[in-house]
Amino acid sequence: MQRFTYVRPSTPAEAIRAMADGGPGTRFLAGGTTLFDLMKLGAEAPRTLIDVSRLDTLARVDTSGSHELIFGALARMSDVAADHRLREDYPALSESLDKAASQQLRNMARVGPNLLQRTRCAYFRGGEVFPCNKRAPGSGCAAREGLDRGHALLGASDACAAVYPGDWAIALLAFDAVVDTLSPRGERSIPLRELHREPGSTPDLETVLAPDELLVRIRVPTSQAGRASTYHKIRDRESYAFALTSAAVAVRLEGGVVTEARVALGGVATRPWRSPEAESVLLGQFLTEDVARRAGQAAFAAAKPGRQNAFKVELGARTVTDALLIARRRAEQS
Ligand SMILES: Cc1cc2nc3c(=O)[nH]c(=O)nc-3n(C[C@H](O)[C@H](O)[C@H](O)COP(=O)(O)OP(=O)(O)OC[C@H]3O[C@@H](n4cnc5c(N)ncnc54)[C@H](O)[C@@H]3O)c2cc1C
Ligand code: SF4
C-alpha cells in the first residue's frame, strides 16, 4: 500500500476545504471497510485521506418526522438497523442493513459511504494481471470470457457487466430516497435513482458525484407502504455474503387490492434497479400467488444472461415472488 497523508477535519466545511487543498488523489474516509480493502488490493491509491468519521453532526438519525426519515451519511449501519421506528414501520430498510456484511463491519461502516461501495467482480479486485475496464479504462473485460456467475443480467454493456453489490441502496431505491451533498459549489440533492450510473463505455465512472462532493445525509419520504415491506436476500450462504439475488418490495393493499407497489432488485444489475414492469403487474390486482409470480417474471423479462448466470433469472423471479408474499402477510397483520 502506498504512503498517504492523513487529515482529520472537525467540521464539514473544514472537510470540504481539505479536499480542495488535497487536489486529485484525495479521498474522504469513513469506516474504511471499503476504502482500506481496495487500497490493500491496489485498486485505489489515494495520496491524501480526509477522515470524516468523527463528524458527529453528519451522524444524526431522525425517523420521527411525518414527511421524511433522515439519516446522517455518517451514521453507523448497526445504529440505523436498530432504530425502533425503522424496524416497525420500514422493515425493508432495517433488514437491508441487518443482512449486509457482519455485525463487526456494520459497527464500523456508515450508511452514506455504503452507497459508494465498489463491485466485488473478482477480476476488478484481482489486480493488474486481469484486463478490467473499470480498474484500467480501455484494458478490456476479463469476465467476458471468464467467470460471470455473479454478473449482471440487467444494465450491462460490452465494456462491463459487474453487479452493484450493496443491499441498503436497493431498499432506499424502493422508497424513492434522496441524497444530499456538500461541496465548494454548495449543497445539492440527488434522487437515489440518479446517483449510480450504468457502465456504458465508461464503467470506471460509477456515480454522478464529483470527486469533491461530500455525502451529508440520506432522506426517505414517508410511505404508507412501509409496514408491508421486506428486503429478501438470497446468497450462497445464509450470512456474511453478498446477494446472488435480492428484492426490496413494499405494497399497500386496500380490500386486498394493491394500490401502491414498490419493487427494486439487487444482485442482478449494474446499479440499484427499480422494476416498473413488476409494479405495473401488481397495481389494481389482488395480491395472489399467481400475481406475485407474474410480477417476478415481469421483473426479469428484459434480462440478458451470460454463460454462467442464467440461473439468476429464475432465482431472481422467485425472490421477487417470495418477497411479495412476505409483504402481503405483513399487510394483513398491520
Ligand atoms: C467482508 C465484507 C463483506 C461485506 N458484505 C456486504 C454485504 O453483504 N452487503 C453490503 O451492502 N455491503 C457489504 N460490505 C460493504 C460494506 O457495507 C461497505 O464497505 C461499507 O458500508 C462502506 O462504509 P465505510 O464507512 O466503511 O466506507 P469507507 O470505506 O470509509 O468509504 C467508502 C467510499 O466512500 C467514500 N466516502 C466515505 N465517506 C464519504 C462521504 N461522506 N462523502 C462522499 N464519499 C465518502 C470513500 O472515499 C470511499 O470511496 C461488505 C464489506 C466487507 C469488507
Ligand atoms: S465485469 Fe467490469 S469490473 Fe469485472 S472485469 Fe469486466 S470490466 Fe472489470
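Sequence order sets the numbering: in each chain, residues are counted from 1 along the sequence as written. Ligands are numbered from 1 and chains lettered from A, in the order in which they are written. Where totals are concerned, whole chains, interfaces and linings use all residues; where local detail is concerned, this predicted model gives features only for residues with pLDDT of at least 70, and gives and counts side-chain atom pairs only at 80 or more. To obtain the side-chain values, all non-hydrogen atoms of the structure were included, while hydrogens and water were left out.

*Asks:* For this particular structure, what's the right way to read the packing of aromatic side chains?
*Replies:* Note on aromatic pairs: each is described by the distance of the centres and the angle between the planes. Centres within 6.5 Å make a pair out of two Phe, Tyr or Trp rings, where for Trp the six-membered ring is used; the pair is then stacked when the planes are under 30 degrees apart, edge-to-face when over 60, and tilted otherwise. The final tally for this structure, using the stated rule, is three aromatic pairs. When the centroid spacing of 5.5 Å and the interplanar angle of 80° are considered together, the rings of Phe71 and Trp168 count as edge-to-face. A residue pair is termed long-range when its members are at least 10 positions apart, and Phe71 in strand β5 (residues 68–72) and Trp168 in helix α9 (residues 168–174) qualify at 97 residues. Categorising residues by exposure relies on relative accessible area from a 1.4 Å probe, with only protein chains included: less than 20% of the type maximum marks a residue as buried, more than 50% marks it as exposed, and the intermediate range marks it as partly exposed. Accessibility expressed as a relative area gives 0% for Trp168, which makes it buried. Centre to centre, the rings of Tyr123 and Phe130 are 5.1 Å apart; their planes meet at 70°, and the pair counts as edge-to-face. With a relative accessible area of 12%, Tyr123 lands in the buried category. By relative accessible area, which is 34% here, Phe130 ends up partly exposed. Counting from the N terminus, the helices are DSSP H or I runs at least four residues long and the strands are E runs at least two residues long.

*Asks:* Help me understand the sheet that holds strand β2 (residues 26–29), please; the structure alone is not making it clear to me.
*Replies:* What holds strands together in a sheet is hydrogen bonding between their backbones, with the strands either parallel or antiparallel. Two strands are counted as paired when DSSP detects at least two bridges linking them. Read from one edge of the open sheet, three strands run β1-β3-β2, paired in parallel fashion. Two strands close off the open sheet at either side, each with one partner strand: β1 (5–7) and β2. Averaged over all neighbouring strand pairs, the angle between strand axes comes to 25°, with direction disregarded. The pairing of β1 with strand β3 (residues 48–51) spans three bridges and is parallel. By the bridge assignment, Val7 is partnered in β3 with Ile50. Any pair of residues with heavy atoms lying within 4.5 Å of one another is described as a contacting pair. Each axis is a line fitted through C-alpha atoms, and for a helix only the stretch in contact is used; angles between axes span 0 to 180 degrees, taken between their N-to-C directions. Packed on one face of the sheet, helix α1 (residues 12–22) meets β1, β2 and β3 and runs near 155° to β2.

*Asks:* Can you walk me through the site of ligand 1 in this structure?
*Replies:* Definition of nearness: a residue and a molecule or strand are near each other if at least one heavy atom of the residue lies within 4 Å of the molecule or strand. Within the structure, ligand 1 sits among 28 residues, and Phe28, Thr33, Thr34, Leu35 and Asp167 are positioned closest to it. Residue Gly32 places a main-chain N or O atom 2.8 Å away from an oxygen atom belonging to ligand 1. The definition of a polar contact used here is a pair of N or O atoms within 3.5 Å, where within protein one atom must be able to donate a hydrogen and the other to accept one, and adjacent residues in sequence count solely through side-chain atom pairs. In the environment of ligand 1, a nitrogen atom lies 2.7 Å from a nitrogen or oxygen atom belonging to the side chain of Asp167. Considered on its own, ligand 1 offers 990 Å² of accessible surface; in the complex 93% of this is hidden by protein. At the level of elements, β2, α7 (111–114) and β8 (214–221) are the ones that each hand at least two residues to the shell around ligand 1. Top element by residues in the shell around ligand 1 is β2. It accounts for three residues. What sets the accessible areas is the Shrake-Rupley method with a 1.4 Å probe; for residues, cover comes only from the shown protein chains.

*Asks:* What should I look at first to understand the domain arrangement of the chain in this one?
*Replies:* How big an interface is tends to be reported as the loss of accessible area on association of its parts. Boundaries between domains were set according to an automatic or database domain assignment. In terms of domains, the chain is made up of domain 1 (5–54) and domain 2 (228–332). With centres defined by C-alpha atoms, the gap from domain 1 to domain 2 works out at 37 Å.

*Asks:* So what exactly am I meant to see when it comes to the pairing of strand β9 (residues 229–234) here?
*Replies:* Here is the key point about a regular strand: its side chains alternate between the two faces of the sheet. For β9, a buried count of five out of six residues is recorded, marking the element as mostly surrounded by other parts of the structure. Where β9 lies against strand β10 (residues 245–254), six bridges are found, and the strand directions are antiparallel. The partner of Tyr231 across the bridge, within β10, is Ala248.

*Asks:* Which parts of the structure should I look at to understand α1?
*Replies:* An α-helix turns once every 3.6 residues. As a result, residues three or four positions apart point the same way. Three or more residues of α1 are buried, namely Pro12, Ala15, Ile16, Ala18 and Met19. Axial view of α1: buried residues confined to an arc of 160°, hence all on one face. Turned more than 90 degrees away from the buried face of α1 sit Arg17, Ala20 and Asp21, all of them exposed. Here, the arc refers to the directions that run from the helix axis to the C-beta atoms.

*Asks:* So what exactly am I meant to see when it comes to the site of ligand 2 here?
*Replies:* Taken together, 14 residues lie near ligand 2, and Cys121, Cys132, Cys141, Ala159 and Cys160 sit nearest. For this classification, Asp, Glu, Lys and Arg are treated as charged, while Ala, Val, Leu, Ile, Met, Phe, Trp, Tyr, Cys and Pro are nonpolar and the rest, including Gly, are polar. A breakdown of the residues in the shell around ligand 2 according to their chemical character gives 11 nonpolar, two polar and one charged.

*Asks:* Just checking my understanding: could you explain unusual backbone geometry for this structure?
*Replies:* Most peptide bonds are trans, and most residues other than glycine sit at a negative phi. One non-glycine residue, Asp176, lies in positive phi territory at about 60°. Relative to the helices and strands, Asp176 is located in the loop between α9 and β6 (178–183). You can call Asp176 partly exposed: its relative accessible area is 33%.

*Asks:* What is the right way to look at the nonpolar core in this model?
*Replies:* In globular proteins that are soluble, nonpolar side chains generally tend to be buried together. Residues belong to one nonpolar core when they are buried, are Ala, Val, Leu, Ile, Met, Phe, Trp, Tyr or Cys, and are joined through side-chain atoms within 4.5 Å. By size, the foremost hydrophobic cluster in this structure holds 39 residues, and its most contacted members are Leu93, Trp168 and Ile218. Elements supplying a minimum of two residues to this core: β5, α3 (77–81), α5 (91–98), α9, α10 (192–195), β8 and β10. Per element, the largest residue contribution to this core is seven residues, and it comes from α9. Beyond its immediate stretch of four places on either side in the chain, Trp168 contacts Phe71, Val80, Leu93, Ser96, Leu97, Val111, Asn114, Leu115 and Ile218.

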